[in-house]
Amino acid sequence: MRKVQLGNTDLEITPIIFGGNVFGWTLNEEESFRILDAFIARGFNAIDTANNYSYWVPGNVGTESERIIGNWIKSRGNRDKIILATKVGGRNLIQDKPNTTKSHILKEVEESLLRLNTDYIDLYQTHYDDTKTPVEETLSAYNQLVKEGKVRYIGASNFSSERLIESLEKSDLFNLPAYKTLQPEYNLYDRQSFEEFLQPVAEKFKLGVIPYYSLASGFLSGKYRNEEDLDKSTRGEGIKKYLNERGFRILDALATISTRHSISYSAVSLAWLIEQKSVVAPIASATKEEHLDAFLEAINVQLSHDDLKLLSEASEY
């Protein structure tokens, strides 16, 4: 399978990244192992998670995803064959606000490394921006971790354009590690915030964009057409906001392209993302092996100019 360069790094990844938020949530450890094996068997090599996944599930503490991935890595002995990304600084059961202080990052990275059964993280990302902490303090923590060989590259997620620019400028000013990737919410429906504010920054600083919620929590898979359909998934309640005129217009466009190329709605949605400026690889999850077929379809299909135009016009905001 073809690989792409992840931003201005020497990391080469397949054009879709597996989103690890489902581990310990909609998939138990045995099911997670099965889907990860199938993902790797199809030629993919990149996995994204966070140190707080999946704290929102009753009974969870927020370390489940990293633990499952770490147990899988240990049992398969394949650490050198995957690109591993995780995040720090997000909310969890203990703290209800982001925390990107140096002391917090240096403490949390050690725990993530233990859970992941690895001595280095390929891409360590600031999950949420803690606006009370100076960006240079956060970057100084990463500077130490890069020098120690515990982190190869750093990335940002859920940043305002202003704080992202400030971080990148301070990196240059103080000779500190710079964010090489950006992980924003971005999909056919949720376009405006990224395209208006963050995409210009990503282009200017040559950041590799790896969007999350690439399928809008499953809405863009086409299986949700009315409120009764929301019961099909534990994510159903979060999909309600998409059931409107614009959402249905997007689904109609997806139906047209899906039929034209004989591929799934999900594949069309991911393929559209892959074609967008600065996007390197969307992050997407799967709970069944057949869901991975959409990943392969998305990479292999060649959407025409007319296909892309139809999708972009249908999803105009």
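None of these values were measured; they are calculated from a predicted model.

**Student:** Is there a simple way to think about the pattern of salt bridges in this case?
**Tutor:** Side chains bearing opposite charge may pair, as long as their charged atoms lie close to each other. Tallied over the full model, the rule gives 23 salt bridges. R76 is paired through a salt bridge with D37; the nearest N and O atoms lie 2.7 Å apart. Taken together, the positions of R76 in helix 2 (residues 64-76) and D37 in helix 1 (residues 29-41) put the pair 39 residues apart, joining distant regions of the chain. Classification of D37 as partly exposed rests on a relative accessible area of 30%. For E166, the salt bridge is made with R163, and the minimal N-O distance between the two is 3.9 Å. With E166 and R163 both in helix 5 (residues 161-174), this residue pair falls three residues apart, about one helical turn. Residue classification places E166 among the partly exposed positions, given a relative accessible area of 29%.

**Student:** Where do I start with the nonpolar core in this structure?
**Tutor:** Generally speaking, nonpolar side chains in soluble globular proteins are found buried as a group. Formed by 83 residues in total, the largest nonpolar core has its most connected members in L164 and F295. Residues A46, Y153, I210 and V280 belong to the second largest nonpolar core, which totals 14 residues.

**Student:** Can you help me understand the sheet that holds strand 9 (residues 208-209) in this one?
**Tutor:** Hydrogen bonds between backbone groups are what pair the strands of a sheet, and the pairing can be parallel or antiparallel. The sheet built from eight strands is open, its strands ordered 9-8-7-6-5-4-3-10 with parallel pairing. Single-partner strands in this sheet number two, and they are strand 9 and strand 10 (283-284). The pairing of strand 3 (residues 17-19) with strand 4 (residues 46-48) spans two bridges and is classified as parallel. Each residue of the ladder has a partner; that of F18, found in strand 4, is I47. The strands that helix 3 (residues 102-116) touches are strand 5 (83-88), strand 6 (121-126) and strand 7 (151-157); relative to strand 6, the one it contacts most, it runs at about 140°.

**Student:** Help me understand the pairing of strand 5, please; the structure alone is not making it clear to me.
**Tutor:** Every regular strand shows the same layout, with side chains that alternate between the two sheet faces. Counting buried residues along strand 5, six of its six residues qualify, which places the element largely inside the surrounding structure. Summarising the sheet, strand 4 and strand 5 pair through three bridges and their orientation is parallel. Within the sheet, the bridge partner assigned to I47 lies in strand 5 and is L84. Viewed along the sheet, the connection from strand 4 through helix 2 into strand 5 turns out right-handed.

Criteria and cut-off values
Residues numbered from 1 in each chain as written. Predicted model: local features only at pLDDT ≥ 70, side-chain atom pairs only at ≥ 80, totals over all residues. Heavy atoms only, no water. Salt bridge = Lys/Arg side-chain N within 4 Å of Asp/Glu carboxyl O. Helix = DSSP H or I, 4+ residues; strand = E, 2+ residues; numbered from the N terminus. Buried < 20%, exposed > 50% of the residue type's maximum accessible area, 1.4 Å probe, protein only. Core = buried A, V, L, I, M, F, W, Y, C linked by side-chain atoms within 4.5 Å. Pairing = 2+ DSSP bridges. Contact = heavy atoms within 4.5 Å. Axes fitted to C-alpha atoms, helices over the stretch in contact; angles between N-to-C directions. Right-handed = clockwise from strand over helix to strand, strands pointing away.

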